[in-house]
Amino acid sequence: MSRTPALFLSHGSPMIAFEDVPARQFLLDLAPKLREPKAFLVVSAHYEEDRPTLTTGAAPETIHDFYGFPQALYRLTYPAPGAPALASRVADLLAAQGFAPAGDPQRGFDHGAWMPLILMNPRADIPLVQLSLAAHQGPEWHYRLGQALRPLRDEGVMIIGSGSITHNLRDITRPEPDAAPAEWASAFTEWIHGKVEAHAIDELLNYRELAPNAVRAHPTDEHFLPFFVALGAGLPGEAATRVHHSFTYGSLGMDAYAFGDLA
């Protein structure tokens, strides 16, 4: 079986489901460029536990974990099947590398997982498992988590880190979705892009100390940690490509990266 790419996707505002912005069109156009996987494993910024935890239910519900949006968003559902066998396989891989995984049979799919997938795969016919971030762990820990997941890419599983290349909601001062990008946000995203192209892993892992405007771009880093899982799932010497670059609301970066060939 061909190796799947590992992806990092910026899922942005829930309004991406309806707003005519470049990132939405990118997600709509992405699926035809990809080999259809057997399953998705999504690490979402909106799923944090004390230890890496997997959704193990056969039919997880759709979680509408956002507030104050139009009612049309709350009517959306993503009834993808769960994949208990895949969750068990992931747990075995993590345990073999010294992690202490857990399972949650009741946990549903949060919008960090289903929002990009409802655009990429609206049929919701590909099984989906979510893997949590670990609260209080940083980039290096999540990079090692991604490394532990690498074998899945040769088993037809597409690993997706879903977060945001910048995520400072208090600094969104431009209400128009297509507002010009803020200088500080552009500087941060371009630094990340340059380090990815240079395969400068150590510098990326230390982005909070080295990147321009890092703390402004990520006052807390849960929305950037999925990037490091996808980065870790990439193989040494493998192509690392920014496959989308745009902003919404002037400072919400929507960059996407592929580690490995898309097709």
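Everything that follows concerns the structure shown earlier in this document.
Keep in mind that what you see is a predicted model, and the values were worked out from it rather than measured.

Chemist: Any chance you could explain the overall build of the chain here in plain terms?
Modeler: Each helix and strand in the chain was counted, giving 10 helices and 10 strands. Here the C-alpha radius of gyration of the chain, 17 Å, is about what a compact globule of 263 residues would show, namely 18 Å. When the backbone C-alpha atoms are referred to their principal axes, the chain occupies close to 45 × 45 × 35 Å. Counting only residues that meet the buried cut, the chain has 58% of its 263 residues in that class.

Chemist: Please explain the side chain of His218 as it appears in this structure.
Modeler: Position of His218 among the secondary structure elements: in the loop between helix 9 (214-217) and helix 10 (225-233). A distance of 2.8 Å separates the side chain of His218 from the backbone oxygen of Ile165, its partner in a polar contact. Contact partners of His218, with chain neighbours within four places excluded, come to Ser164, Ile165, Thr166, His167, Phe188, Tyr207, Arg208, His223 and Phe224.

Chemist: What is the right way to look at the nonpolar core in this model?
Modeler: Here is a general trend for soluble globular proteins: nonpolar side chains tend to be buried in one another's company. Core analysis: the biggest nonpolar cluster contains 51 residues, and Leu41, Leu149, Leu152, Ile192, Phe227, Phe228 and Phe259 have the highest contact counts within it. Excluding its chain neighbours within four sequence positions, the residues that come into contact with Phe259 are Pro5, Ala6, Arg153, Val196, Phe227, Ala230, Leu231, Gly234, Glu238, Ala239 and Ala240. Listed in part, the 36 residues of the second largest apolar core include Phe26, Leu34, Tyr78 and Phe109.

Chemist: What's the story with the pattern of salt bridges in this structure? I'm lost.
Modeler: When the charged atoms of two side chains lie near each other, side chains of opposite charge can form a pair. Under the counting rule described, the total for this entry stands at 10 salt bridges. Ionic pairing is found between Asp154 and Arg3, a salt bridge with its closest N-O pair at 2.9 Å. Of this pair, Asp154 sits in the loop between helix 5 (139-149) and strand 6 (157-163) while Arg3 sits in the segment before strand 1 (6-10), and the two are 151 residues apart along the sequence. A single salt-bridge network, built from bridges that share partners, covers Glu36, Arg123 and Asp125.

Chemist: So what exactly am I meant to see when it comes to the pairing of strand 6 here?
Modeler: Within a regular strand, side chains alternate between the sheet's two faces. Counted residue by residue, strand 6 has 7 buried out of 7 residues, so it is predominantly covered. Burial of the side chains of strand 6 extends over both faces: Val157, Ile159, Gly161 and Gly163 are buried on one face and Met158, Ile160 and Ser162 on the other. Two strands pair when backbone bridges link them, and strand 1 and strand 6 are joined in this way by 4 bridges, in the parallel orientation. Each bridged residue has a counterpart across the sheet, and for Leu7 the counterpart in strand 6 is Ile160.

Chemist: Honestly, the packing of helix 5 against helix 10 in this entry has me stumped. Any pointers?
Modeler: Packed helices, taken two at a time, are described by the angle between their axes plus the distance between the axes. Running from N to C, helix 5 and helix 10 point in directions that differ by 40°, and their axes come no closer than 6 Å. It follows that helix 5 is oblique to helix 10 by the angle criterion. Note that helix 5 runs across helix 10; the crossing there is right-handed. Each of Pro139, His142, Tyr143, Leu145, Gly146, Gln147 and Leu149 in helix 5 lies in contact with helix 10, whose residues at this interface are Leu225, Phe228, Val229, Leu231, Gly232 and Ala233. Partitioned by chemical class, the residues of the contact of helix 5 with helix 10 number 9 nonpolar, 4 polar and no charged.

About the cut-offs
For every chain, the first residue of the written sequence is number 1, and numbering continues from 1 onward in sequence order. The model is predicted, so local features are restricted to residues of pLDDT at least 70 and side-chain atom pairs to those at 80 or more, both for listing and for counting; the totals for chains, interfaces and linings are taken over all residues. To obtain the side-chain values, all non-hydrogen atoms of the structure were included, while hydrogens and water were left out. A helix here means a DSSP run of H or I that spans at least four residues, while a strand means a run of E at least two residues long, and both kinds are numbered starting from the N terminus. Restricting the calculation to C-alpha atoms gives the radius of gyration, and the globule rule supplies 2.2 Å times the number of residues raised to the power 0.38. Burial classes follow relative accessibility: with a 1.4 Å probe on protein chains only, a residue under 20% of its type's maximum area counts as buried, one over 50% as exposed, and anything between as partly exposed. Any pair of nitrogen or oxygen atoms within 3.5 Å is treated as a polar contact; in protein, a donor-acceptor pairing is required on top of that, and neighbouring residues in sequence qualify only through side-chain atoms on both sides. Only heavy atoms enter the contact rule, under which two residues are in contact if any of them lie within 4.5 Å. Nonpolar cores were defined as sets of buried Ala, Val, Leu, Ile, Met, Phe, Trp, Tyr and Cys residues, with membership established by side-chain atoms within 4.5 Å. Any carboxyl oxygen of Asp or Glu that lies within 4 Å of a side-chain nitrogen of Lys or Arg is treated as forming a salt bridge with it. Pairing between strands requires that DSSP locate at least two bridges from one strand to the other. To define axes, lines are fitted to C-alpha atoms, for helices over the stretch in contact only, and angles between the resulting N-to-C directions are given on a 0 to 180 degree scale. Roughly parallel means an angle under 35 degrees; roughly antiparallel means over 145; roughly perpendicular covers 65 to 115; every other angle is labelled oblique. Here a crossing is called left-handed whenever its near helix is offset anticlockwise from the far helix by less than a right angle, and right-handed whenever the offset is clockwise. Residues are grouped as follows: Ala, Val, Leu, Ile, Met, Phe, Trp, Tyr, Cys and Pro are nonpolar; Asp, Glu, Lys and Arg are charged; every other residue, Gly included, is polar.

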